[in-house]
Amino acid sequence: VRTDFDVRVSFDWYSYARVIVPQAYAGAVCGLCGNANGDTEDDFTAPDGSRLTDPVQFADSWKVADVPGCSAGCTGDCPVCNEEQKKPYRGDGYCGVLAGAGGPFAACHAAVDPAPFVDDCAFDTCQYKGHRDTLCSAVAAYVTACQSQGVQLQEWRTPDFCSPACPPNSHYELCGTGCPATCGGPAAPEACDAPCAEGCFCDAGFVLSGDECVAAGECGCLHRGRYYKLGEDFYAGESCRERCVCRPGGTVACRETSCGPHEECRAERGVLGCHPAGYGKLVVAGDPHHVSFDGRAFHLRGSCTYVLARLCKPDPRLANFSVLLENQASGQANVVLMKKVVTSVHGYTVTMERGRTWEMNGERYTLPLTTRDNKLRVSQEGTNMVLDAALGLQLLYNAASYLLVTIPSSYQGRVCGLGGNYNGKKDDDFQLPNGAIAQSMEEFVASWKVPAEDGACTDGCGANCPACDATNTAPFRAGDSCGLIRDPAGPFGTCHPQVSPVDYFNHCLYDMCAANSARETLCQSLQAYAAACQAAGAKIGAWRTASFCPLSCPPHSHYELCTRSCDFSCASLSVAAACGRRCFEGCQCDDGFLFDGAACVSVERCGC
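Residues numbered from 1 in each chain as written. Predicted model: local features only at pLDDT ≥ 70, side-chain atom pairs only at ≥ 80, totals over all residues. Heavy atoms only, no water.

### As for the overall build of the chain
Then, in step 1: In terms of helices and strands, the chain carries 10 helices and 32 strands.
Then, in step 2: In terms of overall dimensions, the chain has C-alpha extents of about 85 × 60 × 50 Å along its principal axes.
Then, in step 3: The proportion of buried residues among the 608 residues of the chain is 41%.
Then, in step 4: Long-range contacts, defined here as pairs at least 24 residues apart, represent 53% of the contacts in the chain between residues at least 6 apart.
Then, in step 5: For the chain, the accessible surface area stands at approximately 31300 Å², while carbon and sulfur atoms represent 51% of it.
Then, in step 6: Of the charged side chains in the chain, 47 are positive and 69 negative; the average position of the first set lies 6 Å away from that of the second. (Helix = DSSP H or I, 4+ residues; strand = E, 2+ residues; numbered from the N terminus. Buried < 20%, exposed > 50% of the residue type's maximum accessible area, 1.4 Å probe, protein only. Contact = heavy atoms within 4.5 Å. Areas by Shrake-Rupley, 256 points an atom, 1.4 Å probe, with all protein chains shown as cover. Lys, Arg positive; Asp, Glu negative; His and termini not counted. Charge placed at Lys NZ, Arg CZ, Asp CG, Glu CD.)

### Re the state of the cysteines
Then, in step 1: In the structure shown here, the tally under the stated rule is 22 disulfides.
Then, in step 2: Bridging Cys 183 to Cys 219, the disulfide has an S-S length of 2.0 Å. When the S-S torsion is -80 degrees, as for the bridge of Cys 183 with Cys 219, the disulfide is left-handed. Of this pair, Cys 183 sits in the loop between β3 (170-176) and β4 (197-202) while Cys 219 sits in the loop between β6 (212-215) and β7 (221-223), and the two are 36 residues apart along the sequence. Note on accessibility: Cys 183 and Cys 219 belong to one class, buried.
Then, in step 3: The side chain of Cys 570 participates in a disulfide bridge whose partner is Cys 606; the two sulfur atoms lie 2.0 Å from each other. Judged by the sign of its S-S torsion, about -70 degrees, the bond between Cys 570 and Cys 606 is left-handed. Placement of Cys 570 in the loop between β29 (557-563) and α10 (571-574) and of Cys 606 in the segment after β32 (600-602) is noted, with a sequence separation of 36 residues between them.
Then, in step 4: Judged by relative accessible area, which is 10%, Cys 606 ranks as buried.
Then, in step 5: The thiol of Cys 30 is not disulfide-bonded; the next cysteine sulfur, from Cys 33, is found 11 Å away.
Then, in step 6: The exposure class assigned to Cys 30 is exposed, which follows from its relative accessible area of 61%. (Disulfide = S-S within 2.5 Å.)

### Side note on the environment of Leu 376
Then, in step 1: Take Leu 376: it is sitting in strand β23 (residues 376-381).
Then, in step 2: Leu 376 sits in the buried class, given a relative accessible area of 2%.
Then, in step 3: Separated by 232 residues in the primary sequence, Leu 376 and Thr 144 have C-alpha atoms spaced 34 Å apart.
Then, in step 4: The residues contacting Leu 376, other than those within four sequence positions of it, are Val 345, Tyr 348, Val 350, Met 360, Leu 369, Thr 370, Thr 371, Leu 387, Asp 388 and Ala 389.

### A word on the domain arrangement of the chain
Then, in step 1: If you check the domain split of the chain, you get domain 1 (1-66), domain 2 (83-149), domain 3 (170-218), domain 4 (276-448), domain 5 (470-536) and domain 6 (557-605).
Then, in step 2: Facing 6 residues of domain 5, the contacting portion of domain 6 comprises 6 residues.
Then, in step 3: Across the domain 5/domain 6 interface, buried area totals approximately 420 Å², and carbon plus sulfur atoms make up 43% of it.
Then, in step 4: Here domain 5 and domain 6 share 0 salt bridges between them.
Then, in step 5: Across the domain 5-domain 6 interface, the total number found is 3 residue pairs in polar contact (both at pLDDT 80 or more).
Then, in step 6: Split by residue class, the side of domain 5 that touches domain 6 holds 4 nonpolar, 2 polar and no charged. (Domains from an automatic or database assignment. Buried area = accessible area lost by both parts, 1.4 Å probe. Salt bridge = Lys/Arg side-chain N within 4 Å of Asp/Glu carboxyl O. Polar contact = N/O pair within 3.5 Å; in protein donor to acceptor, adjacent residues only side chain to side chain. Nonpolar A, V, L, I, M, F, W, Y, C, P; charged D, E, K, R; others polar.)

### Considerations on the packing of aromatic side chains
Then, in step 1: Going through the model one piece at a time under the given rule, you end up with 17 aromatic pairs.
Then, in step 2: Relative to Tyr 529, the ring of Tyr 504 has its centre 5.1 Å away and its plane inclined at 55 degrees; by these criteria the two rings are tilted. Placement of Tyr 504 in helix α8 (residues 502-514) and of Tyr 529 in helix α9 (residues 519-535) is noted, with a sequence separation of 25 residues between them.
Then, in step 3: Exposure remark for Tyr 504: the relative accessible area of 10% places this residue in the buried category.
Then, in step 4: An aromatic cluster of three or more residues is present, and its members are Phe 105, Phe 117, Tyr 142, Trp 156 and Phe 161.
Then, in step 5: The ring of Phe 430 carries Arg 296 above its face, with NZ or CZ at 3.7 Å from the centroid. (Phe/Tyr/Trp six-rings, centres within 6.5 Å; stacked < 30°, edge-to-face > 60°. Lys NZ or Arg CZ within 6 Å of the ring centre and 35° of its normal.)

### Comments concerning the sheet that holds strand β24 (residues 384-389)
Strand pairing in a sheet relies on backbone hydrogen bonds, with the paired strands running either antiparallel or parallel.
Then, in step 1: Taken in spatial order, the 8 strands of this open sheet run β16-β15-β14-β26-β25-β24-β23-β22, and their pairing is antiparallel. Lying at the two open borders of the sheet, with one neighbouring strand each, are β16 (297-299) and β22 (369-370).
Then, in step 2: Relative to β24, β23 runs antiparallel, the two sharing 6 bridges. Looking at the pairing, Arg 377 lines up with Asp 388 of β24.
Then, in step 3: Against the sheet, α8 contacts β14 (279-285), β15 (289-291), β16 and β26 (402-408), and its axis sits at roughly 165 degrees relative to β15.
Then, in step 4: Sheet strands touched by α9: β14, β24, β25 (394-397) and β26. Its angle to β26, the strand with the most contacts, is close to 25 degrees. (Pairing = 2+ DSSP bridges. Axes fitted to C-alpha atoms, helices over the stretch in contact; angles between N-to-C directions.)

### Here's the deal with α9
Then, in step 1: In a regular helix each residue adds 1.5 Å, so 17 residues correspond to 24 Å; α9 covers 24 Å between its end C-alpha atoms and thus fits that length.
Then, in step 2: Counted residue by residue, α9 has 15 buried out of 17 residues, so it is predominantly covered.
Then, in step 3: Within two residues after α9, Gly 537 carries a phi angle of roughly 85 degrees, on the positive side. (Expected span 1.5 Å × (residues − 1).)

### Description of the pairing of β24
Then, in step 1: Of all the 6 residues making up β24, 6 are buried; the element is thus mostly covered by neighbouring parts of the structure.
Then, in step 2: Burial of β24 is two-sided: the residues Asn 384, Val 386 and Asp 388 facing one way and the residues Met 385, Leu 387 and Ala 389 facing the other way are all buried.
Then, in step 3: Where β23 folds back on β24, the antiparallel hairpin that results is connected by 2 residues, among which Gly 382 adopts a positive phi of roughly 65 degrees.
Then, in step 4: As paired strands, β24 and β25 are joined by 4 bridges and run antiparallel to one another. Residue pairing for β25: Leu 387 is matched across the bridge by Leu 395.
Then, in step 5: In this antiparallel pair of consecutive strands, β24 and β25, the connection spans 4 residues, and Gly 392 shows a positive phi of 105 degrees.

### Describing empty space enclosed by the protein
Then, in step 1: Per the stated rule, a full pass over the model turns up 3 cavities of 30 Å³ or more.
Then, in step 2: Its volume calculated, the largest cavity comes out at about 50 Å³.
Then, in step 3: Together, Ala 285, Gly 286, Ser 401, Tyr 504, His 507, Asp 511, Gln 524, Ser 525 and Ala 528 line the largest cavity.
Then, in step 4: Its residues assigned to classes, the lining of the largest cavity comprises 3 nonpolar, 5 polar and 1 charged.
Then, in step 5: Each of domain 4 (276-448) and domain 5 (470-536) accounts for three or more of the residues forming the lining of the largest cavity. (1 Å grid on protein atoms, 1.4 Å probe; cavity = no way out; pocket = protein on both sides within 12 Å on 5 of 7 lines; lining within 4 Å. Points joined across faces, edges and corners; volume = space filled by probe spheres on them.)

### Overview of the sheet that holds strand β10 (residues 242-247)
Then, in step 1: Across the sheet, 3 strands lie side by side as β9-β10-β11; this open sheet has antiparallel pairing. Looking at strand neighbours, the two that pair on one side only are β9 (233-235) and β11 (251-256), the edges of this open sheet. Neighbour-to-neighbour, the strand axes of the sheet open up by a mean angle of 30 degrees, direction not taken into account.
Then, in step 2: Strand direction decides the pairing type here: β10 and β11, joined by 6 bridges, are antiparallel. When the bridges of β11 are listed, Val 245 appears paired with Ala 253.

Structure representation (structure tokens):
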């Protein structure tokens with residue numbers, strides 16, 4: 001980004017950010033980058049003007065907001081690299097390549113002192129146990145600094161050292177133009193004053209279309225000062241009354257339109273459009289208790305596969321989807337558990353199974369996963385698996401006793417299944433596939449059953465269902481049992497305004513009665529309400545102890561009430577992972593370890 005007053009900001013989308021300000025701003029700026037007055041001694045100045053000596057305190061003083069899972073510094077057993085441990089990474093095979101007198105960066109030493117870059121590189125590479133992506137990012141930072149000073153460097157990447165990888169229709173260059181040809185300006189400007197830069201550049205005959213290299217004939221459109229890719233649909237103006245599409249030849253075709261009855265025009269994640277006015281939530285919890293999109297509660301006792309929700313009344317503006325739920329009988333009499341959730345959306349089929357196993361189109365992938373077309377993201381957040389689809393569908397499944405399905409309000413009145421029709425009326429939720437209203441819950445549930453291949457499933461306990469009346473459930477109303485859910489002074493009290501505890505409390509009473517007071521059932525009921533609260537963004541207090549519902553964590557990890565597991569993954573070393581913003585309780589890798597999709601491993605054991 002370059003302003004008309006010559007402030008320049010650049011970011012490599014991952015680990016290197018740079019701000020360049022004109023000399024006129026010397027002494028007039030503040031923040032983590034200091035005041036630009038030429039004196040390094042007073043750079044650690046807090047917003048109130050005080051001088052600080054501790055870098056953590058200094059950084060914390062400029063914190064903009066609290067982010068779940070973020071802390072001012074490392075806590076617990078913090079990994080520390082002393083000089084002896086950094087020494088190997090100062091060698092020529094690592095960061096030492098920056099300072100070599102006869103190396104590829106020698107020509108830059110007079111313009112940019114390599115010493116601080118070597119220090120930073122050795123620190124980062126040691127912390128991450130020599131991980132190559134970390135090393136290469138540190139070296140590339142020096143390359144950028146040198147090239148910004150106009151220094152010509154020698155080739156430094158080799159097949160064995162930081163080998164470059166470029167997307168289709170592009171290639172690597174050490175010193176490519178700072179003003180590459182784009183669809184907006186097919187010819188690179190002759191008066192380009194930007195220094196050359198290393199990176200991936202389009203092959204001959206191709207130009208940049210956004211972040212992709214396309215043939216010149218596949219360029220998009222320029223409409224009212226903004227560029228859109230070929231085939232891209234967009235709203236013109238700020239009222240969402242004009243829907244346009246970019247066609248071949250740079251032409252734009254627009255038509256009058258308006259947002260649907262359950263949508264509103266606004267910008268969301270940087271995109272102007274008709275976005276949902278709200279979201280509907282379907283909950284399945286415990287032995288399984290259902291609460292439909294419109295809030296109707298019922299208890300499903302069958303151990304078959306059922307249509308939970310699907311699009312029944314197609315609309316050109318709505319993407320098709322379906323969610324199936326498979327139950328199974330537990331080892332306890334008359335108790336049924338969720339076994340598997342199968343979601344079909346955007347051409348993908350994702351299976352999430354009890355015990356935290358999952359597949360997409362029949363194959364296992366390492367989490368977090370984002371599909372190539374960016375229409376689907378699957379991640380692990382705390383004890384939960386989370387699926388986010390571009391249409392606005394989200395599933396949160398704790399692989400045990402809680403499933404939350406969220407869909408945009410644009411689907412109101414157009415879905416069907418056990419979750420109801422989402423029309424705002426709970427009285428007509430027991431709708432059969434033919435549109436008629438079922439005469440009983442049993443008829444309704446049976447109508448949405450998916451035929452089993454082996455036919456080995458049951459419709460429930462029938463006349464043998466547990467008699468869980470007020471007398472039988474009375475012992476579980478206490479504060480050390482299900483009563484913990486609705487205790488206003490308890491750990492979940494702060495959540496009550498956002499997620500009503502009534503249904504969860506009643507579900508807990510029934511499940512404890514049906515399971516003969518099993519402690520595991522109580523813990524799963526409390527965990528279900530905890531997940532519902534955190535999914536809604538509510539804060540909860542600590543409710544687990546070493547003797548009450550302890551969560552067993554695998555080696556090299558520990559329990560946290562509020563963690564963002566996705567942020568502590570091996571994948572985040574190489575690419576900024578697309579993680580959710582909310583935190584959930586679960587196991588967080590210890591300092592020095594990262595989640596590789598299956599377990600917490602030491603950094604040097606992370607994959608590629």
